[in-house]
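# Fold and contact review
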Amino acid sequence: MDKHEGRDAGTIRLDDPWYDALAVGWGEGESAGAGEGSGGAETSPPSSSPGGAPARAASDIYLEVQRSAAFQEVRGRYRRFVVPATVGFFLWYVAYVIAATTAPGMMARPVFGSVNVALLAGLGQFLSTFVLTWAYARHARLRRDRAALDLRWTVFEQEQVRRADAGERTRGRGAGR
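Conventions we followed
- Residues numbered from 1 in each chain as written.
- Predicted model: local features only at pLDDT ≥ 70, side-chain atom pairs only at ≥ 80, totals over all residues.
- Heavy atoms only, no water.
- Helix = DSSP H or I, 4+ residues; strand = E, 2+ residues; numbered from the N terminus.
- Buried < 20%, exposed > 50% of the residue type's maximum accessible area, 1.4 Å probe, protein only.
- Contact = heavy atoms within 4.5 Å.
- Phe/Tyr/Trp six-rings, centres within 6.5 Å; stacked < 30°, edge-to-face > 60°.
- pLDDT = per-residue confidence, 0-100.
- Patch = residues over 30% accessible without salt bridge, like charges linked within 9 Å, V, L, I, M, F, W, Y side chains within 5 Å.
- Areas by Shrake-Rupley, 256 points an atom, 1.4 Å probe, with all protein chains shown as cover.
- Salt bridge = Lys/Arg side-chain N within 4 Å of Asp/Glu carboxyl O.
- Core = buried A, V, L, I, M, F, W, Y, C linked by side-chain atoms within 4.5 Å.

## Quick look at the overall build of the chain
Of regular secondary structure, the chain possesses 4 helices and 2 strands. When the elements of the chain are put in sequence order from the N terminus, they spell out α-α-α-β-β-α. In the chain, buried positions account for 20% of the 177 residues. Once local pairs closer than 6 in sequence are excluded, the contacts in the chain between residues at least 24 apart make up 63%.

So, in structure tokens, the structure goes:
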């Protein structure tokens, strides 16, 4: 699906620009693996692009995205869910451990048959883990994934422009030799 302008339901590409990309060689120059003495990695500082403007390094693109309002919103949504969920789950776990060690009589109280409070609380620990996992996945899908994928496409497109500019500089250097 293509990316469209606007805020409609179809405004986002569903394919991921880096889904099939390999992590090997990430951040290396265009001549990676070509057998140069430096191991193929980009070692020269970025020069100016043909238009005279300084070329953008990949780190500059990522820093720009990190400082953007969209990135800060995604991070804020993440923190607003994860911090309270972590604190709540930790308190629930500590309460279970404290109750098990300080109030064994209460934990041994039968609820029905041979099932007691401790067993129900222990099963509740497992249940709450699964519920929290489901809630996290749902929150990520509904509140963060679209914005994060838009940010990935922004970075991917800026990387493509940067690489195209680097390719023009490389061709320009080769022609002047």
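## Observations concerning the packing of aromatic side chains
Two aromatic rings, taken as a pair, are described by how far apart their centres are and by the angle between their planes. Tallying each qualifying case throughout the model produces 2 aromatic pairs. Taken together, a centroid distance of 5.9 Å and an interplanar angle of 50° make the contact between phenylalanine 81 and tyrosine 136 tilted. Taken as a pair, phenylalanine 81 in helix H2 (residues 69-102) and tyrosine 136 in helix H4 (residues 117-175) lie far apart in primary sequence, 55 residues in all. The class of phenylalanine 81 is buried, set by a relative accessible area of 18%.

## Details of the confidence of the model for the chain
The predicted model of the chain averages 75 in pLDDT, with 63% of residues at 70 or higher. For the chain, helix H1 (residues 58-67) is the element with the lowest average pLDDT, namely 79, and strand S2 (residues 115-116) is the one with the highest, namely 94. Contacts from residues 30-49, a stretch scored under 50 in pLDDT, to residues over four places away or in other chains number 24 contacts.

## Focus on a nonpolar patch on the surface
On the surface, a nonpolar cluster with roughly 730 Å² of combined accessible area is contributed by Val111, Phe112, Leu119, Leu120, Leu123, Phe126 and Phe130. For the nonpolar patch, the secondary-structure elements that each account for two or more residues are strand S1 (110-112) and H4. Here the element with the most residues in the nonpolar patch is H4; it accounts for 5 residues. In this fold, phenylalanine 130 is placed in helix H4.

## Considerations on the pattern of salt bridges
Evaluated as defined, the whole model comprises 3 salt bridges. Glutamate 73 serves as the salt-bridge partner of arginine 77, at 3.0 Å between the closest nitrogen and oxygen. In this pair, arginine 77 and glutamate 73 both sit in helix H2, 4 residues apart, roughly one turn of the helix. Judged by relative accessible area, which is 35%, glutamate 73 ranks as partly exposed. Between arginine 163 and glutamate 159 there is a salt bridge; the shortest N-O distance is 3.6 Å. In this pair, arginine 163 and glutamate 159 are both assigned in helix H4, 4 residues apart and thus about one turn of the helix distant.

## Describing the nonpolar core
In this structure, Ile61, Val65, Val74, Leu151 and Val155 together form the largest nonpolar core, which totals 5 residues. Elements represented by at least two residues in this core include exactly H1 and H4.

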